[in-house]
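Per-entry structural report
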Amino acid sequence: MRFNLVDRIVEVKPGESLVALKNLTLGEEYLADHFPTFPVMPGVLMLEALVEAGAWLLRITDDFKHSVIVLRAARNVKYGTFMEPGRQMNIRVELVEQDANSATFKGKGEMDGQTTVVARFTVARYNLRDRDPALAAADERLVQHLRNLHGVLRLNAVAASAGAGT
C-alpha cells in the first residue's frame, strides 16, 4: 500500500531542508479502523509523512534522478501529541548526510507548536533499470508522474501565498 501524505510543499532549500504540510481529514480511510471512537493519525503514518518529505527533498535536490526512494531505517522515533482530524501537521526535514545510494535525515512533525513525531531516518534510492534494464520505461513513467505530482504540491503553495496577498 502506498500513501501520499504530503499535501503541500511550502519551502525547499535544495540539499538542506524542506517544509511541508499534512492536513488530516476525517475522510481518510485508515481512520475508520484506527480507534473508530477516537480517530487519530497512526504513528507509523506520521513517520511515513516525514519519510515522504525527505524523499521530496532528495528528488528536488537531484532533479528527479531516482525513480524509487524507500525507507531503509528509522531511529530515535518519538511520538508526542495525538493528531486528530481537522488538524494540520507542519513537517520539517533536514538532510544530515548522503552518498550515491542513500540519505539520512532528521525530521519533525508539529501541530500547533506541539510535537507529533520526531525521528532520524535513512532512505535508499535507486532506479528500477539498475536492477533490470528492461524496466527503463517504468523508471521514466515513475519520474514523470513524480514531476507532475511535485508540480501540484508546489502549485498549492504558490496559490496559497498568492491568495494570502489579496
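Before going into details, it helps to say that this report is about the structure given with it. (Residues numbered from 1 in each chain as written. Predicted model: local features only at pLDDT ≥ 70, side-chain atom pairs only at ≥ 80, totals over all residues. Heavy atoms only, no water.)

So, about the overall build of the chain. Within the chain, the secondary structure is distributed over 3 helices and 6 strands. Its C-alpha atoms give the chain a radius of gyration of 16 Å, near enough to 15 Å, the size a compact globule of 166 residues would have. Seen along its three principal axes, the alpha-carbon backbone of the chain occupies a region of about 50 × 40 × 30 Å. Within the chain, buried positions represent 39% of all 166 residues. Counted over contacts in the chain with a minimum sequence separation of 6, partners at least 24 positions apart contribute 66%. Accessible surface computed for the chain: about 9,000 Å², of which carbon and sulfur atoms make up 52%. (Helix = DSSP H or I, 4+ residues; strand = E, 2+ residues; numbered from the N terminus. Rg over C-alpha atoms; globule rule 2.2 N^0.38 Å. Buried < 20%, exposed > 50% of the residue type's maximum accessible area, 1.4 Å probe, protein only. Contact = heavy atoms within 4.5 Å. Areas by Shrake-Rupley, 256 points an atom, 1.4 Å probe, with all protein chains shown as cover.)

This next bit is on the nonpolar core. One broad rule of soluble globular proteins: the nonpolar side chains tend to lie buried together. Residues Met41 and Phe105 are the most contacted members of the largest nonpolar core, which totals 37 residues. Counting residues per element, the ones that place at least two in this core are strand 2 (17-23), helix 1 (43-61), strand 4 (88-98), strand 5 (102-111), strand 6 (114-126) and helix 3 (136-164). For this core, the element with the most residues is helix 1, which contributes 11 residues. Excluding its chain neighbours within four sequence positions, the residues that come into contact with Met41 are Leu5, Lys22, Leu24, Tyr30, Leu31, His34, Met46, Met83 and Met89. (Core = buried A, V, L, I, M, F, W, Y, C linked by side-chain atoms within 4.5 Å.)

Neighbouring strands of a sheet are bound in pairs by backbone hydrogen bonds; such pairs are parallel or else antiparallel. Read across the open sheet, the 6 strands follow the order 1-2-4-5-6-3; overall the sheet is antiparallel. Of all the strands in the sheet, just strand 1 (8-13) and strand 3 (68-79) have a single pairing partner and so form its edges. Neighbour-to-neighbour, the strand axes of the sheet open up by a mean angle of 20°, direction not taken into account. Across 8 bridges, the pairing between strand 4 and strand 5 is antiparallel. The residue of strand 5 that forms the bridge with Glu97 is Thr104. Its contacts with the sheet put helix 1 on strand 1, strand 2, strand 3, strand 4, strand 5 and strand 6, and the angle it makes with strand 4 is roughly 55°. (Pairing = 2+ DSSP bridges. Axes fitted to C-alpha atoms, helices over the stretch in contact; angles between N-to-C directions.)

Mapping His66 onto the fold places it in the loop between helix 1 and strand 3. Look past the residues within four positions of His66 in its chain and what remains in contact with it is Ala100, Arg125, Tyr126, Asn127 and Val143.

Here the focus is the pairing of strand 1. Here strand 1 pairs with strand 2 via 5 bridges, running antiparallel. Directly across from Glu11, in strand 2, lies its bridge partner Val19. Taken together, strand 1 and the strand that follows it, strand 2, pair antiparallel across an intervening segment of 3 residues, in which Gly15 is found at a positive phi of about 80°.

Another point: the pattern of salt bridges. Enumeration over the complete set of coordinates arrives at 10 salt bridges. Lys13 is the partner of Glu11 in a salt bridge, and the nearest nitrogen-oxygen pair spans 3.9 Å. Look at Glu11 and you get partly exposed, because its relative accessible area is 33%. By sharing partners, the salt bridges in this structure join Glu84, Arg87 and Asp112 into a single network. (Salt bridge = Lys/Arg side-chain N within 4 Å of Asp/Glu carboxyl O.)

Residue placement: Gln144 occurs in helix 3. Sequence separation between Gln144 and Phe64 is 80 residues, and the spatial gap between their C-alpha atoms is 8.9 Å.

The subject of this paragraph is a nonpolar patch on the surface. A contiguous nonpolar patch, built from Phe35, Phe38 and Phe82 and spanning about 320 Å² of accessible area, is present on the exposed surface. The topology assignment puts Phe82 in the loop between strand 3 and strand 4. Residue Phe82 is classed as partly exposed on the basis of its relative accessible area of 47%. (Patch = residues over 30% accessible without salt bridge, like charges linked within 9 Å, V, L, I, M, F, W, Y side chains within 5 Å.)

Right, let's get into unusual backbone geometry. Backbone geometry places Phe64, a non-glycine residue, at a positive phi of 60°. Along the chain, the position of Phe64 falls in the loop between helix 1 and strand 3. On the accessibility criterion, Phe64 (9% relative accessible area) is buried. With a phi close to 50°, Asp112 is a non-glycine residue in the positive phi region. Inspection of the secondary structure assignment puts Asp112 in the loop between strand 5 and strand 6.

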